[in-house]
Each structure stands twice: as C-alpha cells, then as structure tokens.
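The chain contents come next:
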Amino acid sequence: MKQFDIQPTDKRLQAEIQNKIDNLNKPKGSLGRLEELAMQVCLIQQTLEPSLAHPCHLLLGGDHGIEREGVSVSPREVTWQQMLNFTRGGGGVNMFCRQHGFKLRIVDVGVDYDFTGVPGIIDRKIARGTRNFLYEPAMTDDEFNRALLVGVDLVDTCTAEGCRILSIGEMGIGNTSPSSIWMHIFGNIPLDECIGAGAGLNNDGIRHKYEVLSMALTRHQSFLSTIASPLSPLRVFGGFEMIAAIGAMLRAAEQHLIILIDGFIMTACALAAIRLYPASQDYMVFTHCGDESGHKRMLDIVDAKPLLNLGLRLGEGTGALCAFPIIDSAVRMMNEMNNFQNAKITKYF
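Residues numbered from 1 in each chain as written. Predicted model: local features only at pLDDT ≥ 70, side-chain atom pairs only at ≥ 80, totals over all residues. Heavy atoms only, no water.

Student: Go over the packing of aromatic side chains with me, naming the residues and quoting the values.
Tutor: Using the criterion set out here, one finds five aromatic pairs in the structure. Aromatic pair F102 and F324: ring centres 4.9 Å apart, planes at 85 degrees, arrangement edge-to-face. One end of the pair, F102, is in the loop between α4 (92-100) and β2 (103-110); the other, F324, is in helix α12 (residues 318-336), with 222 residues separating them in the sequence. As far as the burial class goes, F102 and F324 line up, both buried. Three or more aromatic residues link up through ring pairs in this structure, and these residues are W80, Y113 and F115. (Phe/Tyr/Trp six-rings, centres within 6.5 Å; stacked < 30°, edge-to-face > 60°. Helix = DSSP H or I, 4+ residues; strand = E, 2+ residues; numbered from the N terminus. Buried < 20%, exposed > 50% of the residue type's maximum accessible area, 1.4 Å probe, protein only.)

Rendered as structure tokens:
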C-alpha cells in the first residue's frame, strides 16, 4: 500500500486564532459551532484568513459482487443508469454542486457497464465490479492498490487547480453491506446493530442481509485473524469506489485540504482512513447524520459531531454539499466580521 505522510494539524497557531475569534464584535462563544469550525479550518490551513477556493466534489462509482445475494432492494443496473443521469445533470449531486459552486467529477472506478464514448465520465475502471465476498475476497492486492491510487490522483488534479475544500460521494448498489462490516470490525459493534435498510429493505430483507454478511464474516474469519491489519477488511469486503474514497481522503489530509464527510458509506470510509492514519481526522468535517441505521453509532466511534441531521440517505455526497454553507459561514465570520476595536464597541468581557 502507498504510504502517506499525514501530520496532525499544527496547534501552535491555536491561541492566536482563538484571540481573533473572541475579539470579533459578538458575545464570546455566541456563534457556537461556527467558532469551532472556524478554528478547525484555520488550523488546517494554518492561517487567520481561511479560504474555500475552488471547491471540488468527487462522485465515485462502483458495483459490488455481494449485490448478487439480494442484499439491496435496488438492482445492479441502477448504478450505471444513475451514472449516466449524472452526466446529464439530473441527479441530486448535480443540483447541489450547481447550487454551491462545486466542480463535479464523475468517476467510474468499477461500474459493471461500458461507458466508452460517454462524455462526462472519467474512466478509472479497475474491473466491472468487485467479486462476491460471500465466497472470496472482493479484490486482489493489486486491485486494492490501483483503486487507492485513483483517489490519490484525483485529489492531485483538484489541488493543481487550487482546490482547498473537497467533498466525496459514491454511487454503488450494495455498498451499505461492506460499510456495515467495516463498522462491525473497526468499531467492535455487533453486526446486527450495524445493518439497516440501505435503499429501502423491509424487515425480511434486513434479516436476509444480516444472514449473508454473517456467513461472509465466518468464511473469512481465519484469514482476517491471521493477517491482523486494517487493510485486510478493506480488501476482503470493500468496493472499488470506497477504496478510491479512502485514497482521496488520505491524500487530501496529506495536502491539508478540508474534507467534507457525507453519510453512512463515506463515514465508513473515513473510519477506515482514521484507523490507518489517525491524524487524518483533523482534516475531516462530518457533515450530517443520515437515516441509515447505525450511522450515529459510527459517528460516535470517532467522537464526531455532525453539522446536520436531515434524515438523508441518498448518498452521492449530498449531505456534505448541503452542509457547505455552514462551513462558508464560519469562514466568512473570520474574514468579514468586524472586531470590537475597529467597530468602536466596548468589549464587555
């Protein structure tokens, strides 16, 4: 696996940042979470005048072999159909990117469809979906490393354009299954508490999903226990789009970008990234708590306080995009709000 040089944010500027926040013409602490966000963003960028220049959104697509076991109410073809829809501007992710000025990159990392000649889709396909992890590991070591580097390369392209803030979304029918398994393994939480409805399973469907994932865990237990590495569950159960997302998160942390973390699947990817490189969490803003069962518990594992709770479970990174104006407000507070001295207001604390 590629090695990353991810350092915790340098806290030596913290007192100076806090002094500026406290001297803005407002009661001390009165802007609550905005003040916490401003501190985090300033520490990430090591400045008292932060910027959200050239926001970028990566939409990563991939199919999953485990989908063949009926663990999702949505059929596999929805992945490629939605990817085509995104190229026409018709998805939720398109709407929110337009609204908030994000440059959208639609990337095929492992969709079971031939997009040759389709404009608007970046071809980084590893294979036409992962293998069925009920019977064998989802991907080989080589495929894992290639998928990771897809995320790295995409972030390098964004930073070359001046990007300072990155959000990541996914499109892949069946990807709540590996997410639930990662939550179970990395969070040490009983599997049945990690499994939800996904795109809309009923109680019988959730029970079937639990049985399939339990069998898969049992099948791979000896391998996972023999090779005690955070990488093992990633390769055995993950999706190509999910591994690419982890690569993007780690490279973005290495490059000191603000990383907006979306819902259940992207939180599972963030959890994996943090297990590999704990310092990467300093660069992550957890944007919302989705409607998927267990998402709040996964956020609690990393002591994350999401900005929104809108009941979203669309994926695509839509929750991260919806939260962008809040981060923008925190940055504007630092750059545009007057202080007591300049405003000639008595500082009363």
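Student: Please give an account of the pattern of salt bridges that cites residues and values.
Tutor: Evaluation of the coordinates by the stated rule reveals 24 salt bridges. With a closest N to O distance of 3.9 Å, E67 and R68 form a salt bridge. Look at E67 and you get buried, because its relative accessible area is 12%. For the salt bridge of D328 with R332, the shortest nitrogen-to-oxygen distance reads 3.0 Å. In this pair, D328 and R332 are both assigned in helix α12, four residues apart and thus about one turn of the helix distant. Residue class for D328 comes out partly exposed when judged on its relative accessible area of 21%. Note on R332: relative accessible area 42%, which makes it partly exposed. Shared partners join several salt bridges into a network, and the residues in it are E67, R68, R76, D112 and R128. (Salt bridge = Lys/Arg side-chain N within 4 Å of Asp/Glu carboxyl O.)

Student: Any details on the pairing of strand β4 (residues 165-171)? Residues and values, ideally.
Tutor: Burial analysis of β4 places seven of its seven residues in the buried class, the great majority of the element. Residues I165, S167, G169 and M171 line one face of β4 and the alternating positions L166, I168 and E170 line the opposite face, and both faces are buried. Inspection of the sheet shows strand β1 (residues 56-62) paired to β4 by six bridges, in the parallel sense. What sits directly across from G61, in β4, is M171. As defined by bridge partners, β4 adjoins strand β5 (residues 258-261) across three bridges and the pair is classed as parallel. For S167, the partnering residue across the bridge sits in β5 and is L260. (Pairing = 2+ DSSP bridges.)

Student: Lay out the environment of A216 with the relevant residues and their values.
Tutor: On the secondary structure map, A216 appears in helix α7 (residues 203-226). Sequence-wise, A216 and L134 are 82 residues apart; in three dimensions their C-alpha atoms are separated by 4.5 Å. Those residues in contact with A216, other than ones at most four positions away along the chain, are F133, L134 and F237. (Contact = heavy atoms within 4.5 Å.)

Student: Now, about the side chain of T9: what can you tell me, with residues and values included?
Tutor: Locating T9 in the fold gives a position in the segment before α1 (14-22). Leave out the neighbours within four places in its chain, and T9 touches L43, I44, D282 and Y283.

Student: Can you explain the sheet that holds strand β6 (residues 284-286)? Please cite residues and give values.
Tutor: Taken in spatial order, the six strands make up an open sheet running β3-β2-β1-β4-β5-β6, and their pairing is parallel. With partners counted over all chains shown, the strands left at the sheet margins are β3 (121-123) and β6, one partner each. Averaged over all pairs of adjacent strands, the angle between strand axes in this sheet comes to 30 degrees, irrespective of strand direction. (Axes fitted to C-alpha atoms, helices over the stretch in contact; angles between N-to-C directions.)

Student: Describe the packing of helix α6 (residues 176-187) against helix α10 (residues 264-276), with residues and values.
Tutor: Packing of α6 against α10 brings their axes to within 9 Å, and their N-to-C directions diverge by 40 degrees. Put simply, α6 runs oblique to α10. Of the two possible hands of crossing, α6 and α10 adopt the one that is left-handed. Where α6 approaches α10, its residues T176, S179, S180, W182, M183 and F186 are matched on the opposing element by F264, I265, A268, C269, L271, A272 and R275. (Parallel < 35°, antiparallel > 145°, perpendicular 65-115°, else oblique. Left-handed = near helix turned anticlockwise from the far one by under 90°.)

On their own, these measurements won't tell you what the molecule is for.
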